[in-house]
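Summary of structural features
Given next are the chains, with one letter for each unit.
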Amino acid sequence: MTGASGGALCPNCLTQGPRSPGACTGCGEGRLLRGRYWIDAVLGGGRTTQTLRATIADPSGAGPGAPVVIKTLSLAGARDWKQVELFERAASVLRGVAPSAPGIPRLVDHFEQSRGGVTRYYLVQEWIGGRSLAQLLEDGERFDEASARALAEDLLGTLERLHGFSPPVVHRDIKPANIIRQDAVSSAAPGAGAGAGGERDDDAPARPRHVLVDFDLVQDTVKPEGGSTMALGTAGYSPIEQLMGQAVPASDLHALGATLIALLSRASPTELYDPATQRVEFRERVNVSPELATVLERMVAPTLAERFSSAADVLRALRGESPATPTAVTPRPQRAALDTPTSSPRARLAPVWFAALIGLNFFTIGAWSRSLGLMIVGVLVLFAAGLFAARRPRRDTPVTRGPVERALAPADQPAATRTLPPALPPDPDNCVVLGRGLRGVDFGRSTYRDALEIFGADCTVHTYDRDSISGEEALAAKGARIWEISYARDAKGEWTPDRPGNERRPSAVQINSDTGLVTRLDIGVYQRALYTREGLHRASTRAEMIALYGEPDRFEDGDPLSTYEYARGLEVWISKEHDAVNSFRVRAPT
């Protein structure tokens, strides 16, 4: 559906009409969305979500304004609040990272409106002129090694910036359809960011030819909390850890590698997947140098230990500055017994992971196509995989020190007798208690009102029901669905993490939007006065952390930050450059 020349669509009912500020003849609503945007065309979507092409209205009427893309989400058709959370997260990420990441669209506007009792959320982004790589493939374009390397350079530069944020920003849906090759490269789009918080830094590098779009599934935490995200992503491009709800920066590298293979081979990665080797076997289908093929193989390796850990590592390998194949693979730290079985747990569970992947794909395709039969098949396969895993024989062997702990402790000194760093005095105002909280704010017991009253209301509160509001407005509101209190932003929404008072309160308080109860406290880089009862704080080293808490229950190697997670309710980011704590998070124990 497209507006005729000189005409526009009604933003409420999409009825065609003149481009004038009067009321729509179909529904009686105003034809100019928010008094600023003319709707030119519907690009896609359905009852719940839509993607629209629009034009910013020129108040002078001198000529056409800048083109934009508007994504909408209607609460009337939303399946659950997870959709709203993802929509709001995309807006938050674009607002925060787009100004310094030229390879993604700028955020122009973000608002909500209610008409006839129905609330709609709107996300306005600059229009990227060009075609997606999926469209280019359909039109018969051939991709060779030179074009693949150019694409990789552009996207890896973008991912290096996104993954460099703390915590890293993970796109989670890189594929040909979400990459646009611009018709013309420019460092700015006229009017796209004016007054909307989307302006770029003048010192930022010029925009690359290829732009990464569609941040609907973006993740700005290392491990998502709340509802399951197992089915997020696209089959063939998303690696197994992402399908299991554990997306990390290396997951984007897998998706980019799969995208390059799809472009070079003109085949879907699912067609090239070999269940016997659990790898994408593409060498016979592409005409590239052995060096590039080796890089691609490592990008789409099934395990994180074999894969590149950062976009910078891939760039160096592509440029020949470092070997594409690692000389040695460092195993991920994990609790291990002295009597280690010959077959690794990962190898013994490989059939289970593969079965789970197949089941998830059936269920996801069934959900998208509304096929009850495919969904039932997916559930049955998942159930069978879970039953097999539950009945797998286990070893009742004692758990001893893992590889990281053994490396830190002298060989002749038992771990139990090592000297721990001295614990700080338990000041109740500064002491964060693992699995409980801080200063009377307890997980699963305290409400968002308790947090605002104890930590202060001079902050920004993110809600599902309306735009971000101040802490005072949240205290006065009734029934607001709040998901985060941000002390890194003031009451006006300005980014001021280092303002006075922030040293002694969390950078963010996570809220369960259904119950209104506190679930997590984030301790960022400006919370210098806060520490755990055991003595962990922002000046702690990695060795001190291991000495205090032992081997992590989960570890992700990243660059520049690695993640250490403990089931007792602690998640720590360690800076590789300084080998010290960058930030940490305390939550209810798992």
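With that settled, consider the overall build of the protein. When helices and strands are counted, the protein shows 15 helices and 25 strands. Here the protein, with 590 residues, has 50% of them falling under the buried criterion. Long-range contacts, defined here as pairs at least 24 residues apart, represent 58% of the contacts in the protein between residues at least 6 apart. Here the protein has roughly 26,900 Å² of accessible surface; of this, 53% comes from carbon and sulfur atoms.

Our focus in this paragraph is the packing of aromatic side chains. In the structure shown here, the tally under the stated rule is 6 aromatic pairs. Relative to Phe 111, the ring of Tyr 37 has its centre 6.4 Å away and its plane inclined at 0°; by these criteria the two rings are stacked. Taken together, the residues Tyr 37 in strand β3 (residues 37-45) and Phe 111 in strand β6 (residues 107-115) connect sequence positions 74 residues apart. Each member of the pair, Tyr 37 together with Phe 111, is buried. Plain terms: the ring middles of Phe 455 and Tyr 487 are 6.3 Å apart, the flat faces sit at 85° to each other, and that makes the pair edge-to-face. Placement of the pair is Phe 455 in helix α13 (residues 448-455) and Tyr 487 in the loop between β18 (482-486) and β19 (508-511), with a sequence separation of 32 residues. We note that Phe 455, like Tyr 487, is buried. The side chain of Arg 53 reaches across the aromatic face of Trp 127, ending 3.9 Å from its centre.

Looking now at a nonpolar patch on the surface. Together, Leu 372, Ile 376 and Leu 380 make up an exposed nonpolar region whose accessible area comes to about 320 Å². The exposure class assigned to Ile 376 is partly exposed, which follows from its relative accessible area of 44%.

Glancing now at the confidence of the model for the protein. Mean pLDDT for the protein: 78, with 74% of residues reaching 70 or above. Low pLDDT, under 50, characterises residues 187-202; the stretch is placed with 35 contacts to residues that sit more than four places away or in other chains.

Tracing the backbone through its elements, the reader meets Arg 499 in the loop between β18 and β19. Within the structure, the side chain of Arg 499 is placed 2.3 Å from the backbone oxygen of Asp 458, a separation counted as a polar contact. When neighbours within four sequence positions are excluded, Arg 499 is seen to be in contact with Asp 458, Cys 459, Tyr 487, Ala 488, Arg 489, Asp 490 and Arg 505.

This part takes up empty space enclosed by the protein. Applying the stated criterion across every chain yields a total of 1 cavity of 30 Å³ or more. Each pocket or cavity is described by its volume, and for the largest cavity that value is around 60 Å³. If you go around the largest cavity, the residues you meet are Glu 88, Ser 92, Arg 95, His 110, His 462, Thr 463, Ser 468 and Trp 483. Take the lining of the largest cavity: its biggest share by element is 3 residues, from helix α1 (residues 81-97).

A separate point is the environment of Gly 516. By the secondary structure assignment, Gly 516 is in the loop between β19 and β20 (518-523). Exposure remark for Gly 516: the relative accessible area of 14% places this residue in the buried category. A sequence separation of 67 residues divides Gly 516 from Arg 449, and the C-alpha atoms of the two residues are 8.7 Å apart. Setting aside chain neighbours within four positions, we find Gly 516 in contact with Ser 446, Thr 447, Tyr 448 and Ile 511.

What the 9 strands build is an open sheet, ordered β17-β16-β18-β19-β20-β25-β24-β23-β22; its pairing is antiparallel. Two strands bound the open sheet, and with one partner strand each, they are β17 (469-470) and β22 (554-556). One ladder, built from 4 bridges, connects β20 with strand β25 (residues 580-587); its direction is antiparallel. Bridging from a neighbouring strand, Arg 520 pairs with Arg 587 of β25. The sheet strands contacting α13 are β16 (460-463), β18, β19 and β20, and the helix crosses β18 at an angle near 10°. Against the sheet, helix α15 (residues 542-549) contacts β23 (561-566), β24 (570-575) and β25, and its axis sits at roughly 10° relative to β23.

This brings us to unusual backbone geometry. For Leu 14, which is not glycine, the phi dihedral falls at a positive 65°. One can find Leu 14 in the loop between β1 (7-9) and β2 (16-18).

This part is about the nonpolar core. Buried together is how nonpolar side chains tend to be arranged in soluble globular proteins. Counting 62 residues, the largest nonpolar core has Ile 104, Leu 156 and Leu 162 as the members making the most contacts within it. Of all elements in the fold, only α1, β7 (118-126), α2 (133-138), α3 (145-163), α5 (249-265), α7 (290-299) and α8 (311-318) reach the threshold of two or more residues within this core. Top element by residues in this core is α5. It accounts for 9 residues. Discounting chain neighbours no more than four positions away, the residues touching Leu 156 are Leu 253, Leu 256, Ala 311, Val 314, Leu 315 and Leu 318. By size, the runner-up hydrophobic cluster in this structure holds 38 residues, among which are Val 432, Phe 455, Leu 548 and Phe 584.

Another point: the pattern of salt bridges. According to the stated counting rule, one finds 28 salt bridges in the structure shown. Linking Asp 442 and Arg 445 is a salt bridge whose minimum nitrogen-to-oxygen distance equals 3.7 Å. Among the residues examined, Asp 442 registers a relative accessible area of 11% and is labelled buried. Classification of Arg 445 by relative accessible area gives exposed; the value is 64%.

All of the buried residues along α7 are Leu 292, Ala 293, Val 295, Leu 296, Arg 298 and Met 299. As for α7, its buried residues are in contact with α3, α5 and α8.

This next bit is on the pairing of strand β9 (residues 179-182). The alternating pattern of β9 places Ile 179 and Arg 181 on one face and Ile 180 and Gln 182 on the opposite face, and all of these are buried. Taken together, the 3 bridges between strand β8 (residues 130-132) and β9 define a ladder with antiparallel strand orientation. Bridge pairing in β9 links Ser 132 to Ile 180. Relative to strand β10 (residues 210-212), β9 runs antiparallel, the two being bridged by 3 bridges. The residue of β10 that forms the bridge with Arg 181 is His 210.

At a closest axis distance of 11 Å, the pairing of α3 and α5 adopts a crossing angle of 165°. The pairing of α3 with α5 is recorded here as roughly antiparallel in orientation. The chirality of how α3 crosses α5 is right-handed. Facing α3, whose interface residues are Glu 145, Ala 148, Leu 151, Ala 152, Leu 155, Leu 156, Leu 159 and His 163, α5 presents Pro 249, Asp 252, Leu 253, Leu 256, Leu 260, Leu 263 and Leu 264. When grouped by side-chain class, the residues that make up the contact of α3 with α5 number 12 nonpolar, 1 polar and 2 charged.

Calculation notes
- Residues numbered from 1 in each chain as written.
- Predicted model: local features only at pLDDT ≥ 70, side-chain atom pairs only at ≥ 80, totals over all residues.
- Heavy atoms only, no water.
- Helix = DSSP H or I, 4+ residues; strand = E, 2+ residues; numbered from the N terminus.
- Buried < 20%, exposed > 50% of the residue type's maximum accessible area, 1.4 Å probe, protein only.
- Contact = heavy atoms within 4.5 Å.
- Areas by Shrake-Rupley, 256 points an atom, 1.4 Å probe, with all protein chains shown as cover.
- Phe/Tyr/Trp six-rings, centres within 6.5 Å; stacked < 30°, edge-to-face > 60°.
- Lys NZ or Arg CZ within 6 Å of the ring centre and 35° of its normal.
- Patch = residues over 30% accessible without salt bridge, like charges linked within 9 Å, V, L, I, M, F, W, Y side chains within 5 Å.
- Salt bridge = Lys/Arg side-chain N within 4 Å of Asp/Glu carboxyl O.
- pLDDT = per-residue confidence, 0-100.
- Polar contact = N/O pair within 3.5 Å; in protein donor to acceptor, adjacent residues only side chain to side chain.
- 1 Å grid on protein atoms, 1.4 Å probe; cavity = no way out; pocket = protein on both sides within 12 Å on 5 of 7 lines; lining within 4 Å.
- Points joined across faces, edges and corners; volume = space filled by probe spheres on them.
- Pairing = 2+ DSSP bridges.
- Axes fitted to C-alpha atoms, helices over the stretch in contact; angles between N-to-C directions.
- Core = buried A, V, L, I, M, F, W, Y, C linked by side-chain atoms within 4.5 Å.
- Parallel < 35°, antiparallel > 145°, perpendicular 65-115°, else oblique.
- Left-handed = near helix turned anticlockwise from the far one by under 90°.
- Nonpolar A, V, L, I, M, F, W, Y, C, P; charged D, E, K, R; others polar.

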